[in-house]
Amino acid sequence: MEKKKQISMAVIRRLPKYHRYLRELIKNDVDRISSRELSEKIGFTASQIRQDLNNFGDFGQQGYGYNVKELYNQISYILGVNKEYKTIIVGAGNIGQAIANYNFEKSGFHLTGIFDVNPKLIGLKLRDIKVQDVDQLEEFLKENSIDIGILCIPKNAAQRICDILCNNGVKGIWNFAPVDLVPSKDVKIENAHLSESLLTLSCLMNS
Ligand code: NAI
């Protein structure tokens, strides 16, 4: 596989949608698709699609469209979909429990540990995983090589936990706390804010 190119954040944000639609096309035995047909399905303009997909090599052929399988494989590779990740959740409240109960395993994200400070939650089992005292987090990280930390804790606790994760080998943080975390190492942070998405909807409805 060739070396990964630098791809803009805007394109990266659109990739999961391409990935989802291409998977559907493969399921429906579609081998090739034009940017115009893809545009009708996905909702991006045909020229946007051509520009985006140009980033990944020459999959389109004038008049023949894109090779669906090759494009899907390349986007899977860029998304890191074929990899396996070990994850932990810090904060076993509303959001932490919802995420623990959702099955991300099938996408390669394996939940390995859950941590909280609340004695009422410590010992509770979520999907066969016992909630542990957050005091044990550092030791757990040293013993298990964890790729992703999912932060579902109040914002005033988030930076401290972020530091612990960064200093103990975690490579990415999926942050639900409403705070801009500063990683102490080269750790990638993705903020997931439902309220921002809701405000975007409100803006669309009012514009
Ligand atoms: P929650 O109060 O139900 O759960 C938070 C959990 O974190 C509690 O169980 C608490 O004991 C635990 N906790 C507190 N300090 C901790 C620490 N130092 N280490 C480990 N665990 C700790 O709150 P909820 O509703 O689950 O929200 C969690 C976070 O997500 C909050 O920061 C909230 O503001 C934020 N939030 C984010 C949304 C988003 O779209 N990103 C939407 C709603 C809430």
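Residues numbered from 1 in each chain as written. Predicted model: local features only at pLDDT ≥ 70, side-chain atom pairs only at ≥ 80, totals over all residues. Heavy atoms only, no water.

Re the overall build of the chain
Logical step 1: Per the secondary structure count, the chain includes eight helices and ten strands.
Logical step 2: If you take every contact in the chain between residues at least 6 apart in sequence, the share linking residues at least 24 apart comes to 54%.
Logical step 3: The average position of the 27 basic charges and that of the 24 acidic charges among the side chains of the chain differ by 2 Å. (Helix = DSSP H or I, 4+ residues; strand = E, 2+ residues; numbered from the N terminus. Contact = heavy atoms within 4.5 Å. Lys, Arg positive; Asp, Glu negative; His and termini not counted. Charge placed at Lys NZ, Arg CZ, Asp CG, Glu CD.)

Some details on the state of the cysteines
Logical step 1: Within this structure, the stated rule accounts for zero disulfides.
Logical step 2: Of all cysteine sulfurs, the one in C162 lies closest to C152, which takes part in no disulfide; the gap is 14 Å. (Disulfide = S-S within 2.5 Å.)

Comments concerning the pairing of strand β4 (residues 85-90)
Logical step 1: With respect to burial, β4 is a largely interior element, five of its six residues being buried.
Logical step 2: Here β4 pairs with strand β5 (residues 109-116) via six bridges, running parallel. Following the sheet pairing, I89 is matched in β5 by I114.
Logical step 3: The β-α-β motif built from β4, the intervening helix α5 (residues 94-101) and the parallel element β5 has right-handed crossover chirality.
Logical step 4: Relative to strand β8 (residues 148-151), β4 is paired through four bridges, and the arrangement is parallel. (Buried < 20%, exposed > 50% of the residue type's maximum accessible area, 1.4 Å probe, protein only. Pairing = 2+ DSSP bridges. Right-handed = clockwise from strand over helix to strand, strands pointing away.)

Overview of the sheet that holds strand β9 (residues 172-175)
Logical step 1: Pairing is mixed in the open sheet, where seven strands are placed in the order β6-β7-β5-β4-β8-β9-β10. Of all the strands in the sheet, the pair left with one neighbour each is β6 (125-126) and β10 (188-191).
Logical step 2: In this structure, β8 lies alongside β9, joined through four bridges in parallel fashion. Counterpart to G149 in the pairing with β9 is I173.
Logical step 3: Across the sheet, helix α7 (residues 155-166) is in contact with β4, β8, β9 and β10; its angle to β8 comes to roughly 170°. (Axes fitted to C-alpha atoms, helices over the stretch in contact; angles between N-to-C directions.)

A closer look at the side chain of S35
Logical step 1: Tracing the backbone shows S35 in helix α2 (residues 35-42).
Logical step 2: Residue classification places S35 among the buried positions, given a relative accessible area of 10%.
Logical step 3: For S35, the residues in contact, after removing those within four places along its chain, are A46, I49, R50 and Y66.

Topic: the domain arrangement of the chain
Logical step 1: With domains assigned, the chain is organised as domain 1 (9-79) and domain 2 (85-196).
Logical step 2: One C-alpha centre belongs to domain 1, the other to domain 2; they are set 33 Å apart. (Domains from an automatic or database assignment.)

Considerations on the packing of aromatic side chains
Logical step 1: All chains considered together, the criterion is met by six aromatic pairs.
Logical step 2: With a centroid separation of 5.1 Å and an interplanar angle of 10°, the aromatic rings of Y85 and F109 are classed as stacked. Here Y85 is found in strand β4, whereas its partner F109 is found in strand β5, with 24 residues between them in sequence.
Logical step 3: Look at F104 and W174: their rings are 5.8 Å apart centre to centre, the planes differ by 85°, and that puts the pair in the edge-to-face class. Residue F104 is located in the loop between α5 and β5, and its partner W174 is located in strand β9; the two are separated by 70 residues in the primary sequence.
Logical step 4: Taken together, the ring pairs in this structure connect Y102, F104, W174 and F176 into an aromatic cluster. (Phe/Tyr/Trp six-rings, centres within 6.5 Å; stacked < 30°, edge-to-face > 60°.)

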